[in-house]
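# Notes for the structure review
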Amino acid sequence: MKKRISTIKNQDRSVRILLSPLLALIILVSTVPIVLSFLASFSDWVAGIDVDLNFIGLENYRYMLSDKQFLASFRLGLLWSLLVTTLTTVMGVCVALLLNQNKRYMFPLKLLALSPWAMSPPAVAVIWISLMNVNSGPLNVILRQLNIPAGEIGFLEDPTLFFPTLVVIGAWALMPMITLSALASLKILSRELSEAMDIDGVTPLQKLRHLILPHLRPVLVPLFALNLIWNFGAFDLIYVILGSFPPPNSDIPIVFAFRQAFKYGQFGYAAALGVTIAVFELILVYAILKKQMRESNQ
């Protein structure tokens, strides 16, 4: 028995030794930048050569609370996150309900629903920019061929249409996660119960309200919360589109912080913005986990 325990300890020691380089790399790549960013948020670090770096305490955070542009971007980020997450959930559930019918003609719909996962967010942005081009975009070309007067719509150029268009693009890019999760949950839905409701004359809307949506709720609620957090910190898709069509006051917080750092050289202020965004997302995660634990214990 003692020999076996000694062997297990030796194996554990060997595993720790072998994993230590990987652990050190993870700490170097993730933890160190977080700590440095936190420290930089208390400094007046700006871009330049031989520039003095001074400790200024909470000055960056005080300025942030009075920065109207950042506060506007924060409100826009919350609105963006809520709208995209809601639209993603609705679209994903609708597509999952259609795919659950197992019809042969559903293959194009499956391809459309899952194609965003085959592309990176910058590629998705470039594709949608090309599709909605005013002069050569297929969407406007079709409208002109149908002799529709609005055949030259600047979906991304028009400031009034830009944000709704961006919401639709973001929802489409994230739809596969909701679609596959909802479809997997529908596959285990009691067929006998569904058929019994059909026999009792229950309408499709009643079945959706009283059977399908309650069945999907344990899956959709955590995904909705995670997507809400993810969308608030989304960067690549939005930045590529904003880089081509930058309407005024259209930055969400993470893009605003990026511009402060790499366009204006305000690294200290950008670090404070990044820390604030990260803390806000951690608070959201904590609230979601606490709610989930409370519901699971009931």
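Residues numbered from 1 in each chain as written. Predicted model: local features only at pLDDT ≥ 70, side-chain atom pairs only at ≥ 80, totals over all residues. Heavy atoms only, no water.

In this section: the overall build of the protein. Counting secondary structure elements, the protein contains 12 helices and zero strands. Each helix and strand of the protein, ordered N terminal to C terminal, gives the series α-α-α-α-α-α-α-α-α-α-α-α. Per-residue burial for the protein yields a buried fraction of 34% across its 298 residues. Residue pairs in contact within the protein that sit at least 24 positions apart in sequence constitute 65% of those at least 6 positions apart. A total of about 18,800 Å² of accessible surface is found on the protein, and carbon and sulfur atoms cover 68% of it. (Helix = DSSP H or I, 4+ residues; strand = E, 2+ residues; numbered from the N terminus. Buried < 20%, exposed > 50% of the residue type's maximum accessible area, 1.4 Å probe, protein only. Contact = heavy atoms within 4.5 Å. Areas by Shrake-Rupley, 256 points an atom, 1.4 Å probe, with all protein chains shown as cover.)

So, on to the nonpolar core. Residues Trp80, Val124, Ile169, Leu216, Leu237, Ile238 and Ile241 are the most contacted members of the largest nonpolar core, which totals 43 residues. Counting residues per element, this core draws most heavily on helix α7 (residues 159-187), at 13 residues. The next biggest cluster of nonpolar side chains, apart from the first, holds 13 residues, and it includes Phe42, Tyr61, Ala257 and Tyr269. (Core = buried A, V, L, I, M, F, W, Y, C linked by side-chain atoms within 4.5 Å.)

We now examine helix α5 (residues 121-131). An α-helical segment advances 3.6 residues per turn. Residues three or four places apart therefore align on the same side. Along α5, the residues that are buried comprise Val124, Ala125, Trp128 and Ile129. Angularly, the buried residues of α5 cover 135° about the axis, an arc narrow enough to put them on a single face. (Arc of directions from axis to C-beta.)

Helix α4 (residues 107-114) packs onto helix α3 (residues 68-99) with a crossing angle of 150° between their chain directions and a minimal axis gap of 10 Å. Regarding the angle of α3 to α4, the classification is roughly antiparallel. Handedness of the crossing formed by α3 with α4: left-handed. Between α3 and α4, the residues in contact are Val95, Leu98 and Leu99 and Leu109, Lys110 and Ala113, respectively. (Axes fitted to C-alpha atoms, helices over the stretch in contact; angles between N-to-C directions. Parallel < 35°, antiparallel > 145°, perpendicular 65-115°, else oblique. Left-handed = near helix turned anticlockwise from the far one by under 90°.)

Opposite charge on two side chains lets them pair, provided their charged atoms get close. Using the criterion set out here, one finds one salt bridge in the structure. Here Glu59 and Arg62 are joined by a salt bridge, their closest N and O atoms 3.5 Å apart. Note that Glu59 and Arg62 are positioned in helix α2 (residues 59-66) at a spacing of three residues, about one turn of the helix. For Glu59, a relative accessible area of 41% corresponds to the partly exposed category. (Salt bridge = Lys/Arg side-chain N within 4 Å of Asp/Glu carboxyl O.)

The next subject is a positive patch on the surface. On the surface, a cluster of positive charge is made up of Arg217, Lys290, Lys291 and Arg294. For the positive patch, the element with the most residues is helix α12 (residues 267-297), which contributes three residues. Mapped onto the elements, Arg294 comes out in helix α12. (Patch = residues over 30% accessible without salt bridge, like charges linked within 9 Å, V, L, I, M, F, W, Y side chains within 5 Å. Lys, Arg positive; Asp, Glu negative; His and termini not counted. Charge placed at Lys NZ, Arg CZ, Asp CG, Glu CD.)

In this model α3 runs 46 Å from its N-terminal to its C-terminal C-alpha over 32 residues, within 8% of the 46 Å that 1.5 Å per residue would give. Among the residues of α3, the N-terminal cap falls to Asp67, whose side-chain oxygen and the backbone nitrogen of Gln69 are separated by 3.1 Å. (Expected span 1.5 Å × (residues − 1). Polar contact = N/O pair within 3.5 Å; in protein donor to acceptor, adjacent residues only side chain to side chain.)

Another aspect to go through is the environment of Leu226. Secondary-structure assignment places Leu226 in helix α9 (residues 204-232). Along the chain, Leu226 and Thr85 lie 141 residues apart, while their C-alpha atoms are 9.2 Å from each other.

We now examine the packing of aromatic side chains. Considering all chains together, one arrives at 16 aromatic pairs under this definition. Seen in terms of ring centroids, Phe42 and Tyr61 are 5.7 Å apart; in terms of plane orientation they differ by 45°. Their pairing is tilted. Of this pair, Phe42 sits in the loop between α1 (2-40) and α2 while Tyr61 is found in helix α2, placing the two residues 19 residues apart along the sequence. Residues Phe42 and Tyr61 agree in their burial class; the two are buried. Cluster of aromatic residues (ring-pair linked, three or more members): Trp45, Phe235, Tyr239, Phe258, Phe262 and Phe267. (Phe/Tyr/Trp six-rings, centres within 6.5 Å; stacked < 30°, edge-to-face > 60°.)

Turning our attention to the side chain of Ser43. Within the fold, Ser43 resides in the loop between α1 and α2. Residue Ser43 is classed as buried on the basis of its relative accessible area, which comes to 7%. In terms of polar contacts, Ser43 uses its side chain to reach the backbone carbonyl oxygen of Ala40, at 2.7 Å.

Quick look at the confidence of the model for the protein now. In low-pLDDT regions, the fine details of the predicted coordinates are not to be read closely. With 87% of its residues at a pLDDT of 70 or more, the protein has an overall mean of 82. For the protein, helix α8 (residues 191-199) is the element with the lowest average pLDDT, namely 68, and α2 is the one with the highest, namely 94. (pLDDT = per-residue confidence, 0-100.)

To continue, consider the environment of Pro222. Relative to the helices and strands, Pro222 resides in helix α9. Measuring from C-alpha to C-alpha, the distance between Pro222 and Ile288 comes to 8.0 Å, with 66 residues separating the pair along the chain. Setting aside residues up to four positions removed in sequence, Pro222 forms contacts with Arg217 and Gln292.

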